[in-house]
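One-letter residues, chain by chain:
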Amino acid sequence: MDLPKEIRYRPYQEWSEQEFQLIKAKVSDSPWHVHYHIEPRTGLLNDPNGFSYFNGRYHLFYQNWPYGPAHGLKQWVHLISDDLVHFEETGIKLLPDHANDKEGAYSGSAYALANQLFLFYTGNVRDANWLRDPRQIGAYLSTDGQIKKCSQVLISQPKDVTEHFRDPQIFEYQDQLYAIIGAQSHKKRAFIKLYKAINNDVENWEFVSNLDIGRQASEYMIECPNLVFIDQRPVLIYCPQGLSKKELDYANIYPNTYQIFDAFDPASGRLLGQGPLRNLDFGFEIYATQAFNSPDGRVLAISWIGLPDIDYPTDNYAYQGALSLVKELTIKDDILYQRPVRALSDLKMKPQMLEQRKDTSNCYLLEITVPSHEQKSLVLFADRKGQGLAITVNTQEGKITLDRSQSSNSFAEKFGNKRSCQIPKGDVTLNIYVDRSIVEIFVNEGQFVLTSRYFPEEEASALLMPDGELEGFYYEMRY
Ligand code: FRU
């Protein structure tokens, strides 16, 4: 939603309790609240931040402007979890309350030290002429939930980058700490800067080089870069804004992509043996995915189900955005597989057979197999006229299509109302997680993923199979 800058950057302390209560009341009126995903209590949620394991629990934050469905003065909101399925908001916040982050505590990552969680993030600072000075700064979260910010800037804007320099990801590689940061050159081309922590001191960084990712970027900015290691192979997950469609076909306003490499040479700042640039997700919305190598050996990722510069139907209820399920990343045949963490099956209630027309709670999981040489479809959130979100799978051609053109609460139509993805021909399995206004479709155990919002009318909750019955199970999801 377009709101004047004066409102979006109004200091938090100037909002009265009464104004905040009005916002809360609006939010609570929404018919589209999700049950087993994370959404903001009020206002806008965007990037996941600081995803990590510390002090025996998983930690996660999200970007938030609490006063409306717009990108305003951002804070980080903290959540903890034991199982990556149930998250508890703790009330801890990384506020924009310091000279180095006064126009927003922008995105960043976390690294667990012995007794503290180090948060490495971008301070959005603007001068009287609204010129931006992006500062890479740090803070510590103690085991008793206190935030202490470093007083100094850890990395300042280098000479060869514009004001677009943000989203540090801190990671360890062969016992050395590194950070990568998204950047833009004065020629308006994107690149990633690589830094190294001197003596592994998180407050002391030296520049290594611009990261060689094996391709000349056509994009003008890279947001939220993440480097993780799966079976020793580097995987770079990032958001190349303005990417040429000649390089990669994508339909959303901004893509979220990945590349798999064979090796990382930190001394020269090169990622070697690059694989092709691929879409991370084929649905209508996914962005700012954050991933990390968890100490238990898993590589975990979570995404923002939303996109910058898009208005959503929930804007009328003073909130916007949600986070995806937590996904475990693996590599098979040079493809990045994304599968919801196993603990999610704890939410499954008893299996039911699929039926031609099923009344649902709009909060369920479908596990379906589509046999080869078939075209089958499903309509989720179907209303009395049988209209809803249509998913069509053609196992002969090898294609899955998502069509939200029948929605009566349409949005972002400028970017089309269909999405599709090429899939291998032959039998296809689908795991479809539905949560009130979110749909996450995992094809072939995570080989391809399509994530989308859909905002049904109050009574629209039938599940239809217009091309005949499909084999599979329906599970209500507990929450
Ligand atoms: C991506 C992003 C980041 C930035 C943050 C601000 O969605 O633009 O680059 O740090 O959001 O909220």
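Treat the numbers as computed from the prediction; the structure is a model and nothing was measured. (Residues numbered from 1 in each chain as written. Predicted model: local features only at pLDDT ≥ 70, side-chain atom pairs only at ≥ 80, totals over all residues. Heavy atoms only, no water.)

1. Points about the UniProt feature "domain: Glycosyl hydrolase family 32 N-terminal" (unreviewed entry) in the protein chain
(1) Moving on: On the UniProt side, "domain: Glycosyl hydrolase family 32 N-terminal" (unreviewed entry) is annotated at positions that read residues 37–340 here.
(2) Moving on: The span residues 37–340 is 0% helical and 53% strand by assignment, and the distance between its end C-alpha atoms comes to 12 Å. (UniProt positions renumbered as here; feature names shortened; annotations may be inferred. Helix = DSSP H or I, 4+ residues; strand = E, 2+ residues; numbered from the N terminus.)

2. A short note on the site of the ligand
(1) Moving on: What surrounds the ligand is the set Asn46, Asp47, Gln63, Lys74, Tyr106, Ser107, Arg166, Asp167, Glu223, Tyr287 and Trp304.
(2) Moving on: For the ligand, whose free accessible area comes to 320 Å², the fraction covered by protein is 92%.
(3) Moving on: Going through the elements one at a time, strand E1 (43–54), strand E5 (105–112) and strand E9 (165–173) are the ones with two or more residues in the shell around the ligand. (Near = heavy atom within 4 Å. Areas by Shrake-Rupley, 256 points an atom, 1.4 Å probe, with all protein chains shown as cover.)

3. As for the environment of Lys102
(1) Moving on: With respect to the helices and strands, Lys102 occurs in the loop between strand E4 (87–94) and E5.
(2) Moving on: On the basis of relative accessibility, which here comes to 36%, the residue Lys102 falls in the partly exposed class.
(3) Moving on: Each C-alpha atom of the pair Lys102 and Met349 lies 46 Å from the other, and the pair is 247 residues apart in sequence.
(4) Moving on: In this structure Lys102 touches Leu73, Pro96, Asn124, Val125 and Arg126, once residues within four positions along its chain are discounted. (Buried < 20%, exposed > 50% of the residue type's maximum accessible area, 1.4 Å probe, protein only. Contact = heavy atoms within 4.5 Å.)

4. Section: the side chain of Thr395
(1) Moving on: Secondary-structure assignment places Thr395 in the loop between strand E29 (389–394) and strand E30 (399–403).
(2) Moving on: Given a relative accessible area of 1%, Thr395 falls into the buried group.
(3) Moving on: In terms of polar contacts, Thr395 uses its side chain to reach the backbone amide nitrogen of His373, at 3.1 Å. (Polar contact = N/O pair within 3.5 Å; in protein donor to acceptor, adjacent residues only side chain to side chain.)

5. With respect to unusual backbone geometry
(1) Moving on: One non-glycine residue with positive phi stands out, namely Cys224, at about 50°.
(2) Moving on: Backbone geometry places Glu445, a non-glycine residue, at a positive phi of 55°.

6. Observations regarding the pairing of E30
(1) Moving on: With five bridges connecting them, E29 and E30 associate as antiparallel partners. Residue pairing in the sheet places Thr392 in a bridge with Thr401 of E30.
(2) Moving on: Joining the antiparallel neighbours E29 and E30 is a turn of four residues, in which Gly398 adopts a positive phi near 80°.
(3) Moving on: As judged from the five bridges shared by E30 and strand E31 (residues 418–422), these two strands associate in the antiparallel manner. Bridged to Ile400 within E31 is Cys421. (Pairing = 2+ DSSP bridges.)

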